[in-house]
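Examining the three-dimensional arrangement
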Amino acid sequence: MRYGGDNRGRLLLIVLIVTSLFLITLDLRGVQVIDGIRTGTQTALTPVQKAGSWVLSPFRNFLSDVTHLGRTRNQIEKLKADNDALRQALLNRKVADAELDQLKNVLNLAGNGGFKVVGAKVISQGASTSFTQTLTIDAGSKSGIHTNMTVISGFGLVGVVKIAYENSAVVQLASDPSFRVGARIAGTQQIGILSGQGTRKGVLQLLDNTTEVKVGDAILARGSNNGRPFVPGVPIGEVTSVDNSAGAVTQTADVKFYTNFSTLGVVAVVVSAPSTDPRDSLVPPKPQPTPIPTVTVTATPSPSPSSKG
Amino acid sequence: MISRRFLLSFPIFLIIYLLQEGFVTQMRLPAGGFSLILIFTLAWASMSTPEIGALTGFGAGLLMDLSETSPGPVGHWTLVLILVSFVISFLSYGDDHVRANPLNIVFLVVAGVAGAQLSFALFGLLLGQELGSISQVLFICIGTAFWSAVITPLLLPIISRLHALVFETASRI
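Scope of this entry: the structure provided in the associated data block. These numbers come from a predicted model, not from an experiment.

So, the overall build of chain B
When helices and strands are counted, chain B shows seven helices and zero strands. Counting from the amino terminus, chain B carries its helices and strands in the arrangement α-α-α-α-α-α-α. Classification of the 173 residues of chain B by burial places 49% in the buried group.

Overview of the overall build of chain A
In terms of regular secondary structure, chain A is built from four helices and twelve strands. Counting over 309 residues, chain A shows a buried share of 30%. Within chain A, residue pairs in contact and separated by at least 24 positions form 60% of the contacts whose partners lie at least 6 positions apart.

Observations regarding the interface of chain B and chain A
Taken residue by residue, the interface counts 27 residues in chain B and 31 residues in chain A. Of all the secondary structure elements, the ones that give two or more residues to the side of chain B that touches chain A are α1 (2-24), α3 (50-66) and α4 (76-92) of chain B. Broken down by class, the residue content of the side of chain B that touches chain A amounts to 15 nonpolar, seven polar and five charged.

Side note on the sheet that holds strand β7 (residues 191-196) of chain A
Residues and elements named next belong to chain A. Read once around its circumference, the closed barrel built from six strands follows the order β6-β7-β8-β11-β10-β9, with strand pairing classed as antiparallel. Taken pair by pair, the neighbouring strands of this sheet meet at an average axis angle of 40°, ignoring direction. Where strand β8 (residues 201-206) meets strand β11 (residues 252-257), five bridges bridge the pair, whose relative direction is antiparallel. Each bridged residue has a counterpart across the sheet, and for Gln205 the counterpart in β11 is Thr252.

Some words on helix α6 (residues 102-126) of chain B
Residues and elements named next belong to chain B. Between its terminal C-alpha atoms α6 stretches 35 Å, which fits the 36 Å expected from 25 residues at 1.5 Å a residue. All buried positions along α6 are accounted for by Ile105, Val106, Leu108, Val109, Val110, Gly112, Val113, Ala116, Gln117, Phe120 and Ala121. Directly after α6, the chain includes Gly128, whose backbone phi takes a positive value near 85°.

Some remarks on the packing of helix α2 (residues 36-46) of chain B against α3(B)
When two helices pack together, their arrangement is given by the angle between their axes and by how far apart the axes lie. Residues and elements named next belong to chain B. In the contact formed by α2 and α3, the axes pass within 9 Å of each other and the chain directions differ by 170°. On the basis of their axis angle, the class for α2 and α3 is roughly antiparallel. Listed contacts from α3 to Ile37, Thr41, Trp44 and Ala45 of α2 are Gly53, Thr56, Gly57, Ala60, Leu63 and Met64. Tallied by class, residues from the contact of α2 with α3 come to six nonpolar, four polar and no charged.

Topic: the sheet that holds strand β5 (residues 169-173) of chain A
Residues and elements named next belong to chain A. Spatial ordering of the closed barrel is given by β1-β2-β5-β4-β3-β12, a layout of six strands whose pairing is antiparallel. Averaged over all neighbouring strand pairs, the angle between strand axes comes to 45°, with direction disregarded. With four bridges joining them, strand β2 (residues 134-137) and β5 adopt antiparallel strand pairing. Residue pairing across strands places Leu135 opposite Val171, the latter belonging to β5.

Quick notes on the rules
- Residues numbered from 1 in each chain as written.
- Chains lettered and ligands numbered in written order.
- Predicted model: local features only at pLDDT ≥ 70, side-chain atom pairs only at ≥ 80, totals over all residues.
- Helix = DSSP H or I, 4+ residues; strand = E, 2+ residues; numbered from the N terminus.
- Buried ≥ 20, exposed ≤ 12 C-beta atoms within 10 Å, placed from the backbone.
- Contact = placed C-beta atoms within 7 Å.
- Nonpolar A, V, L, I, M, F, W, Y, C, P; charged D, E, K, R; others polar.
- Pairing = 2+ DSSP bridges.
- Axes fitted to C-alpha atoms, helices over the stretch in contact; angles between N-to-C directions.
- Expected span 1.5 Å × (residues − 1).
- Parallel < 35°, antiparallel > 145°, perpendicular 65-115°, else oblique.

Structure below.
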């Protein structure tokens, strides 16, 4: 049987409705007590909401992932692409930084030597299958580069321009087995001919058999007429071993090139020789050994038992 | 007797309110989610006399009005829930055909949730509130009704037991 209600029930309903209308009116009129109650409730609820948020965050994330599955996948794809692009940019930046360092060094060297240079990027390393050591640079005759010009890096001699095209040039590296350069020893000024051996090591053949060569001696380019193919004073390498065989017609020494040919990114072609020979001013400073601190321990003798008595 | 019922009912609704504000609203369910306190109130009302139903609606509505997220003035939800709870309890109380089948209660609760939301929107419009487009209001009403249809059968046994505990009635759904 359905409930029919009575007067008491109706009265209660009316009272409740009037109360709610009264509350609405009070709130709409901006009574501060109502606002205060709401603010107080919210203040009390905040810790509960924080706890709820903390507890439900894994569930919420899961739900968000499920509801935004397609979008999340797209976002992941986009982020992966962005990540790849950033990695590539970072790599390019590292390469650019390395090239910048090389360029700075080569300009320093050229500046110190008074060389007028044209900077160029190495665009390809020549194939060594034909037993030659070459590289190609991105500057050619349009930039004032011609054959038989000295090519240097930040560390020293790289080689010589073998062929110059309009926008590129082929450089014969100092390590090429057919490469020859007139060289002198820094300090003693003894002269010789340095030839490439296909590796980072060259062989210096001194013209005077009585000169004394020491390991660690710096070798510089002697220079040619009008600075071509070699400008004077360019550092080549340092002596790593000396062959003093008795009875040898000439004295020879192994020389390690300052330039690491496999890591070349930026080089400079000397287009104009210096007005004066830089002599030994371009010899790289020898690395200073780091002093090892020594600790001296002095034992203090304890007083002898006899001195007490 | 009345004070005992009130003392027992109040903490139950307070806990439900805290669960709603602290946890359910944090879930950010799609299509509006569900309101635990709305479901609880209407299911409670469906098992009570119209007077108790109206009183339950009054208390629950007042709690909902105190929520900072409620867009209307204090009393807005109170008015809506008094009326809807009264109607729900009026329709169900004393009619054994309705109370005998839990599906009827679920249907009443779901209809009550949708009705309460529509009434809230209607009163809101009268009070000059901005509620968004009609399609948005309808979408949320339908979404909440859907969630309520999912949740109510799960909660109904608990609500029934608590109601029986407070009102010392033997009948349980």
